[in-house]
Amino acid sequence: MATVERRPRLYEGTRIPSPIPTVLQAPEELRRGGDLLTVNFGPNHPSTHGVLRLVVDLEGERIAGIGAVVGYLHTGFEKTMEQKTWWKAITYPERIDYVSFQYNELVFVLAIEQLLGLEVPRKATWMRMALSELNRIHSHLVYIGTSALEIGAISMFWYCFRERDLVLDLFEMVTGVRMHTRYFQAGGLAEDIPMGFYADARRFCVRMPKAIDEYEAILDDNRIWRERTVGIGLLSREDAIALGQSGPILRASGVDWDLRRDQPYLAYDQVEFEVPVLHGGDVYDRYRVRMDEMRQSTGIVAQCIERLEEMQGEPWIADDRKVVLPPREELHTSMESLIHHFKIVTEGYLVPEGEIYVTVESPRGELGCYVVSDGGPKPWRVKFRAPSFVALEATATCMRDAAIADLVAIVGSLDGVMGEVDR
Amino acid sequence: MIGYDAVPGLVETREAFGETTLEVDPTRLLEACAHLREEGFNILSDVTPTDYLGWGERGVAGYIGTPAGRDLNAPGSQGYARRPHPKPKRFSISYHLLKLDRDPRRVRVQVWLDDGEPVESVVSIWPTADWHEREAWDMMGIPIEGHPNLARILMEDDWEGHPLRKDYPIGGEPVRFSGEE
């Protein structure tokens, strides 16, 4: 197998541009000399992952200056959510990051539950873990498929989307929809887990490691892939921390940090998994970290299914009629249930006054949700800490002295989802 | 447990929902942040401004309709069980810090501001604050003093108003690029 021997060492110290940390300014003498060519990369170029605009100053093929311009997909989710009752607002976060939708839903639901002090049944907790790990696999498959496609490995795209469809089939089976499932409710799950899900999920868990072997066979020692990714888009450990990076980008730069292990939520302290950490800080290592994470996620899903099968017949949502919709069949026989149903759907429930910042480890890193409640039926303020937003702050540092041809590879490795960046 | 008593400009420490909030004097924010950075809070997770205009003025539960009649989009009895505690000023801006090491810890640094009252930029301490502070300016109109590039980030450069303020109208914005132009 052909390998690329020369691997540049990761730089030490800092390369963050100054005075503006997110804009690399071309040297003034270059600008005056007239050797610079300013190119608008995007906002509508097909390989910018949505509508990202990069203003690039080129000196020949070398990037001398770069600044990212975002906001083209701003939809005002946070403002809209302030107008909706808590119950209705759960629908919105999923649209923010449309690739890892369940994490956004999860983090908002967790925030509501913590403000309410609501106890969630264990079946719901384990199912949330199973679904969100499936979502992580889905998200990483989209990343690997599209970023390999952009570098020219078209076949990867088809292989990844083959398995991605299997994940979506599982989502469809459980929730009735393939994306934007709105399956998590404050208090638990919207419906019980359907029959046949465990068997299908198990089959998927057997198949997925073999599929990952296939991807690795295509890419890991592929000479073109390695030439295009090894030593490209460097980000040192110190810079990654200073720029607030999280998730795979942070772990590829040698920081051993994963919220699932270090600040466990749901039941992550009861499953076994490893946190892959690499030290190259380049595009290749970011790819490798995500590949290893998919393996770990498959293992977590299998453990969740095992536990869930023991919980047959247990409740999937908390029994708190002030917050949770009553079972559908009760509406025909019970007056109280009808009243509760009507009250929750029209007015919503009241959430105690307070502010809270909840974080989960999304496929892109630390996804945070800051929620303020005034004790009324609608959120006073919702703010999402979008990991992609922070990841794109690192573009100027990663692309210092890169060639224009590597720009797409580097943007791809940061794995920004523009819906989340612009919210 | 780290003590936060040594944080410069500390006004109040609050514990709620398992989180620690340090309320800091806005004029000494930079000092306080530098101190916490020295204590090991190496990651700035998020900067979240909030507008509290009209806080506590929602109708109380049981009240039906408004003086203008009933609005079907806002059912009349939507309201509090009890009124929330008043806030000291109109805006709050919170900095969510993370101490990323073997003994992880989170803390929220909060300052209170009136409309137009500036707050110092923390870009010199955490470079990641760059875009977060631009967003705070763009969405809430909080002037950030000493920011190297305080431009709008999500809205267009010539946009008027700050959309996440509570007094920003919902609906009825002028339509851009209409047929009349």
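Residues numbered from 1 in each chain as written. Chains lettered and ligands numbered in written order. Predicted model: local features only at pLDDT ≥ 70, side-chain atom pairs only at ≥ 80, totals over all residues.

## Thoughts on the confidence of the model for chain B
Residue and element names in this part refer to chain B. Within chain B, residue pLDDT values average 82, and 81% of them lie at 70 or more. Across chain B, strand β4 (residues 91–99) holds the top mean pLDDT of 93, while strand β1 (residues 10–16) sits lowest at 88. Here residues 61–65 scores under 50 on pLDDT; set against residues more than four positions off or in separate chains, the count is 12 contacts. Interface confidence for the predicted complex, expressed as ipTM, amounts to 0.88; the pTM equals 0.90. (pLDDT = per-residue confidence, 0-100. Helix = DSSP H or I, 4+ residues; strand = E, 2+ residues; numbered from the N terminus. Contact = placed C-beta atoms within 7 Å.)

## Focus on helix α1 (residues 29–38) of chain B
All names here are of chain B. Those residues of α1 not exposed but buried are L29, L30, A32, C33 and L36. Projected down its long axis, α1 shows its buried positions confined to an angular sector of 160 degrees, all on one face. Downstream of α1 by a residue or two, G40 has a phi angle that is positive, lying close to 115 degrees. (Buried ≥ 20, exposed ≤ 12 C-beta atoms within 10 Å, placed from the backbone. Arc of directions from axis to C-beta.)

## A short note on the sheet that holds β1(B)
All names here are of chain B. The strand order across the open sheet built from five strands is β1-β2-β5-β4-β3, with neighbouring strands paired in mixed fashion. Only two strands of the sheet have a single partner each, and these edge strands are β1 and β3 (43–51). Taking each pair of neighbouring strands and ignoring which way they run, the sheet shows an average axis angle of 20 degrees. Note that β1 and strand β2 (residues 19–24) share six bridges and pair antiparallel. The residue bridging A16 from the neighbouring strand is E19, located in β2. Contacts between α1 and the sheet are confined to β2, β4 and β5 (105–113), with β5 contributing the most and set at about 175 degrees to the helix. Contacts from helix α2 (residues 129–140) reach β3 and β4 within the one sheet, and its direction differs from that of β3 by about 5 degrees. (Pairing = 2+ DSSP bridges. Axes fitted to C-alpha atoms, helices over the stretch in contact; angles between N-to-C directions.)

## Quick word on the pairing of β3(B)
All names here are of chain B. Burial within β3 is extensive, with nine of its nine residues counted as buried. Summarising the sheet, β3 and β4 pair through eight bridges and their orientation is antiparallel. Counted as the bridge partner of T48 is S94 from β4.

## Some words on the interface of chain B and chain A
Across the boundary between the two partners, chain B contributes 40 residues, which contact 44 residues of chain A. Residue assignment for the side of chain B that touches chain A shows that the elements contributing at least two residues are β3 and α2 of chain B. Residue composition of the side of chain B that touches chain A, by class: 22 nonpolar, 12 polar and six charged. (Nonpolar A, V, L, I, M, F, W, Y, C, P; charged D, E, K, R; others polar.)

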